[in-house]
Amino acid sequence: MEAGRQDYNLLVIGGGSGGLACAKEAAQLGMKVAVVDYVEPSPRGTRWGLGGTCVNVGCIPKKLIHQAALLGGMIRDAPHYGWDVAQPVLHDWRKMAEAVQNYVKSLNWGHRVQLQDRKVKYFNIKASFVNEHTICGVTKGGKETLLSAEHIVIATGGRPKYPTHIEGALEYGITSDDIFWLKESPGKTLVVGASYVALECAGFLTGLGLDTTVMMRSIPLRGFDQQMSSLVTEYMASQGTRFLKHCTPSRVQKLPDGQLQVTWEDLTSGRENMGTFSTVLWAIGRIPETRSLNLENAGINTSPNSQKILVDAQEVTSVPHIYAIGDVAEGRPELTPTAIMAGKLLARRLCGQSLDVMDYSNVPTTVFTPLEYGCVGLSEEEAMARHGEEHVEVYHAYYKPLEFTVAERDASQCYIKMVCLRKPPQLVLGLHFLGPNAGEVTQGFALGIKCGASYEQVMRTVGIHPTCAEEVAKLRISKRSGLDPTVTGC
Ligand SMILES: Cc1cc2nc3c(=O)[nH]c(=O)nc-3n(C[C@H](O)[C@H](O)[C@H](O)COP(=O)(O)OP(=O)(O)OC[C@H]3O[C@@H](n4cnc5c(N)ncnc54)[C@H](O)[C@@H]3O)c2cc1C
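From a predicted model like this one, the values you see are computed outputs, not experimental measurements.

A. Fine view of the overall build of the protein. Counting its secondary structure elements, the protein contains 13 helices and 21 strands. Computed over C-alpha atoms, the radius of gyration of the protein comes to 24 Å, within 12% of the 23 Å expected from 2.2 N^0.38 for 490 residues, which places it in the range of a compact globule. Each of the three principal axes of the protein carries a C-alpha extent, and together these read 75 × 65 × 50 Å. Looking at the 490 residues of the protein, the share that counts as buried comes to 50%. Across the protein, the fraction of contacts at a sequence separation of at least 24, relative to all contacts at a separation of at least 6, is 64%.

B. Local environment of the site of the ligand. Taken together, 36 residues lie around the ligand, and Gly18, Asp37, Tyr38, Thr53 and Asp327 are the ones closest in. Ser17 places a polar main-chain atom, nitrogen or oxygen, 3.3 Å from an oxygen atom of the ligand. At 3.1 Å, a backbone N or O of Leu335 approaches an oxygen atom of the ligand. Within the complex, the protein chains bury 95% of what would otherwise be the 1,000 Å² of accessible surface of the ligand. Put simply, the parts of the chain that give the shell around the ligand at least two residues each are α1 (17-28), α2 (52-57), α3 (59-77), β4 (126-131), α7 (196-207) and α9 (336-350). Ranked by residue count, the leading element in the shell around the ligand is α2, at 4 residues.

C. Region of interest: the packing of aromatic side chains. This model, assessed by the stated rule, comprises 6 aromatic pairs. Measuring from centroid to centroid gives 6.0 Å for Phe180 and Phe204, while their planes differ by 45°, and the two rings are tilted. Here Phe204 lies in helix α7 and Phe180 lies in the loop between α6 (176-179) and β8 (189-192), a separation of 24 residues in the sequence. The residues Phe180 and Phe204 share a single accessibility class, namely buried. With 3.8 Å between their ring centres and 5° between their planes, Tyr395 and Tyr455 make a pair best called stacked. Here Tyr395 is found in strand β19 (residues 392-398), whereas its partner Tyr455 is found in helix α13 (residues 455-460), with 60 residues between them in sequence.

D. Region of the structure containing a nonpolar patch on the surface. The grouping of Tyr81, Trp83 and Val406 at the surface amounts to a nonpolar patch, some 370 Å² of accessible area in total. Mapped onto the secondary structure, Trp83 falls in the loop between α3 and α4 (93-117).

E. Quick look at the pairing of strand β13 (residues 272-277). In the sheet, strand β12 (residues 260-266) pairs with β13 via 6 bridges, with the strands oriented antiparallel. Note on β13: the bridge partner recorded for Gln261 is Thr276. As consecutive antiparallel partners, β12 and β13 are separated by 5 residues, and within that stretch Gly270 has a phi angle of approximately 80°, a positive value.

F. Region of interest: unusual backbone geometry. Between Pro424 and Pro425 the backbone carries a cis peptide bond, its omega angle lying at 10°. Mapped onto the secondary structure, Pro425 falls in the loop between β20 (415-421) and β21 (428-434). Here the amide bond leading from His465 into Pro466 is cis, since omega sits at -5°, within 30 degrees of zero. Mapping Pro466 onto the fold places it in the segment after α13. The phi dihedral of Glu408 is positive, around 55°, even though this residue is not glycine. Structurally, Glu408 is set in the loop between α11 (402-406) and β20.

G. The arrangement of the side chain of Ser454 in detail. Looking at the element boundaries, Ser454 is found in the loop between α12 (438-450) and α13. Ser454 sits in the buried class, given a relative accessible area of 5%. Aside from chain neighbours lying at most four places away, what touches Ser454 is Pro425, Gln426, Leu427 and Val428.

H. Structural view of the pattern of salt bridges. Under the defined criterion, the tally for this structure stands at 18 salt bridges. A salt bridge links Arg332 to Glu315, with the shortest nitrogen-to-oxygen separation between them at 3.0 Å. Of this pair, Arg332 sits in the loop between β16 (322-324) and α9 while Glu315 is found in the loop between β15 (286-288) and β16, placing the two residues 17 residues apart along the sequence. Considered together, Arg332 and Glu315 belong to a single accessibility category, that of buried residues.

I. Here's a closer look at the UniProt feature "active site" (unreviewed entry) in the protein. Residues annotated by UniProt as "active site" (unreviewed entry) correspond here to His465. Topologically, His465 is positioned in the segment after α13. For His465, a relative accessible area of 54% corresponds to the exposed category. At a separation of 2.7 Å, a polar atom in the side chain of His465 contacts the side chain of Glu470.

J. Highlighting α12. The end-to-end C-alpha distance of α12 is 18 Å, a good match for the 18 Å that 13 residues give at a rise of 1.5 Å each. Buried within α12 we find Ala438, Val441, Thr442, Phe445, Ala446 and Ile449. Its buried side turned inward, α12 meets β17 (365-367), β18 (373-377), β21 and α13. Positive backbone phi, at 85°, marks Gly452, one or two positions downstream of α12.

K. Representation of the sheet that holds β19 within the structure. Pairing within the open sheet is antiparallel, and its 5 strands lie in the order β17-β18-β21-β20-β19. Each having just a single partner strand, β17 and β19 make up the two edges of the open sheet. Sheet twist, expressed as the mean angle between neighbouring strand axes with direction ignored, is 10°. Bridge count between β19 and β20: 7 bridges; the pairing is antiparallel. In the strand pairing of β20, Tyr398 is matched with Tyr415.

L. Layout of the packing of α7 against helix α8 (residues 226-238). Viewed as axis vectors pointing N to C, α7 and α8 meet at an angle of 20°, and their least axial separation amounts to 10 Å. Here α8 runs roughly parallel to α7, going by the angle between their axes. In this structure, α7 meets α8 at a crossing whose hand is left-handed. Listed contacts from α8 to Leu199, Ala202 and Gly203 of α7 are Val232, Thr233 and Met236. Among the residues making up the contact of α7 with α8, the classes are represented as 4 nonpolar, 2 polar and no charged.

How each quantity is defined
Residue indices follow the written sequence of each chain, beginning from 1 at its first position. Only residues with pLDDT of 70 or above have their local features reported here, since the model is predicted, and side-chain atom pairs are shown and tallied only from 80 upward, although totals for entire chains, interfaces and linings are computed over all residues. Calculated side-chain values reflect all of the structure's heavy atoms, with hydrogen atoms and water omitted. Strands here are runs of E lasting at least two residues and helices are runs of H or I lasting at least four, both read from the DSSP assignment and numbered beginning at the N terminus. C-alpha atoms define the radius of gyration in this analysis, and the globule rule sets the expected value at 2.2 Å times the number of residues to the power 0.38. Type-normalised accessible area, obtained with a 1.4 Å probe on protein chains alone, sets the label of each residue: buried when under 20%, exposed when over 50%, and partly exposed for intermediate values. The contact criterion used is simple: two residues touch if any of their non-hydrogen atoms lie within 4.5 Å. For this description, a residue counts as near a given molecule or strand if any of its non-hydrogen atoms is within 4 Å of it. N or O atoms within 3.5 Å of each other form a polar contact, as long as, within protein, one can give a hydrogen and the other can take it, and as long as residues adjacent in sequence are counted only when both atoms are side-chain atoms. Per-residue and other accessible areas were derived by the Shrake-Rupley procedure at a 1.4 Å probe size, with only the shown protein chains allowed to occlude residues. Between the rings of Phe, Tyr and Trp (Trp by its six-membered ring), a pair exists once the centres lie within 6.5 Å; its type follows the angle of the planes, with under 30 degrees stacked, over 60 edge-to-face, and the other angles tilted. In this analysis, a patch consists of residues with relative accessible area above 30% that form no salt bridge, clustered at 9 Å for like charges and at 5 Å for the nonpolar side chains Val, Leu, Ile, Met, Phe, Trp and Tyr. The salt bridge criterion pairs a side-chain nitrogen of Lys or Arg with a carboxyl oxygen of Asp or Glu, the two atoms within 4 Å. By this definition, two strands are paired if DSSP reports at least two bridges between them. UniProt positions are given in the numbering used here, feature names are shortened, and annotations may be inferred rather than shown by experiment. Here a helix's expected span is defined as the number of its residues, less one, multiplied by 1.5 Å. To get an axis, fit a line to the C-alpha atoms, keeping to the stretch in contact for a helix; angles then go from 0 to 180 degrees between the N-to-C directions. Relative orientations are named as follows: roughly parallel for angles under 35 degrees, roughly antiparallel for angles over 145 degrees, roughly perpendicular for angles from 65 to 115 degrees, and oblique for any other angle. By definition, any crossing whose near helix is turned counterclockwise from its far helix by less than a right angle is left-handed, and any crossing with a clockwise turn is right-handed. Residue polarity follows a fixed list, in which Ala, Val, Leu, Ile, Met, Phe, Trp, Tyr, Cys and Pro are nonpolar, Asp, Glu, Lys and Arg are charged, and the others, Gly among them, are polar.

This is the structure in structure tokens:
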């Protein structure tokens, strides 16, 4: 063990979205800060640099590859708009992957520079607790360092789950930790899972022209509005993604030609089926990175069910000077902006600059499936459960994006609904938008909803014509009325 002990005001474990934001803010406010970050390679050997899940194996590469897939759709639209596009139009995975990976590497570098600029000491070591003020960090080469600090923030995020009970799953399958770093096209792919990660990956693979199947045991997008979720998968199916519903895999075997033979059970018929794929991608959820932290050495409590770290509203764990933020903390949305904001606010409180705590209500998000689904606030089911069906009014509309008309695109799943309290002025409880640029649309309305907007106020908001977003401000038909919610064009 290295002799010198290093003392910091703040030690952050995990250099991802939350950890980096917290460390940089605290250093800027005058604290002596260290960040430790270490990426354990995936079972397939994929590794990456500083920045955590979002930068390396999450939001960033995902959105860029989603964009690559959307461009395919635009190329198909282009002849309708007069472009003479030579056929066939081919996609080169290798070229796309290289460009995306290079951009991610530039972000890794950018994060290192930012830490240096703000005088945050960075250690590329894997941390575990020795006691409640000290961690032991181990380098890739096995060298150990002890670091101690007054305050410690745990921001270690999570990693994809493997179904270890399924023969061949770990040996032959990949996860979202690998897909963005593949040098060659994954080819015909089976995506197992119904999470947003599963649907997003299946969506872009289909969009890039790959034969893609999603196998799901139960409902898609658990926790999201179920009517919207069904429309998401309906659109994906219309674009060529195959769905094997109520099915669960039991075995993955490698055939002599390198292909993967998957055996699964159809839970409806009880029958066993088989199929051959080039790639099997598990997207069945994530496990918090708490296992190797030796939390018990510091007396930090975790949830027995989720293994996530228990925290209070101030992000404090069971130990008063140890905090947890982001995906590793119990009950927090697994999203980059919430991790970042929680990290910054925590740093400000630790530095005595503010008493503000993170408000986790009305957090907007978007699922980047081929038809994007943006939402903020409560799902229709959740609103009914919390307020009672008789107190909830849902306004809705099917609409046709103007861009779809000339391109003759089917808009059957372009749909918006606003979930409100029934009593005037009809406070907006949730907004759900399915259509192009859903993230951009939802972000704008999220401010209004955060400020307590009512249905009446949204209806008094002047639209921007001709956009899809303006359809939100034109939602006149309530579900209760039973009238046809189809809007006839712009
Ligand atoms: C495929 C995918 C797509 C996503 N898309 C979106 C999206 O579009 N929008 C969105 O908002 N969110 C998205 N997310 C979620 C988002 O990436 C996470 O919510 C966010 O990165 C969480 O940040 P964090 O700081 O909690 O942890 P992370 O960013 O995961 O960072 C944790 C860091 O700690 C390191 N670490 C772990 N254990 C140790 C240890 N013992 N010692 C040292 N270092 C350690 C890890 O290697 C990692 O670098 C996506 C996630 C995935 C998987």
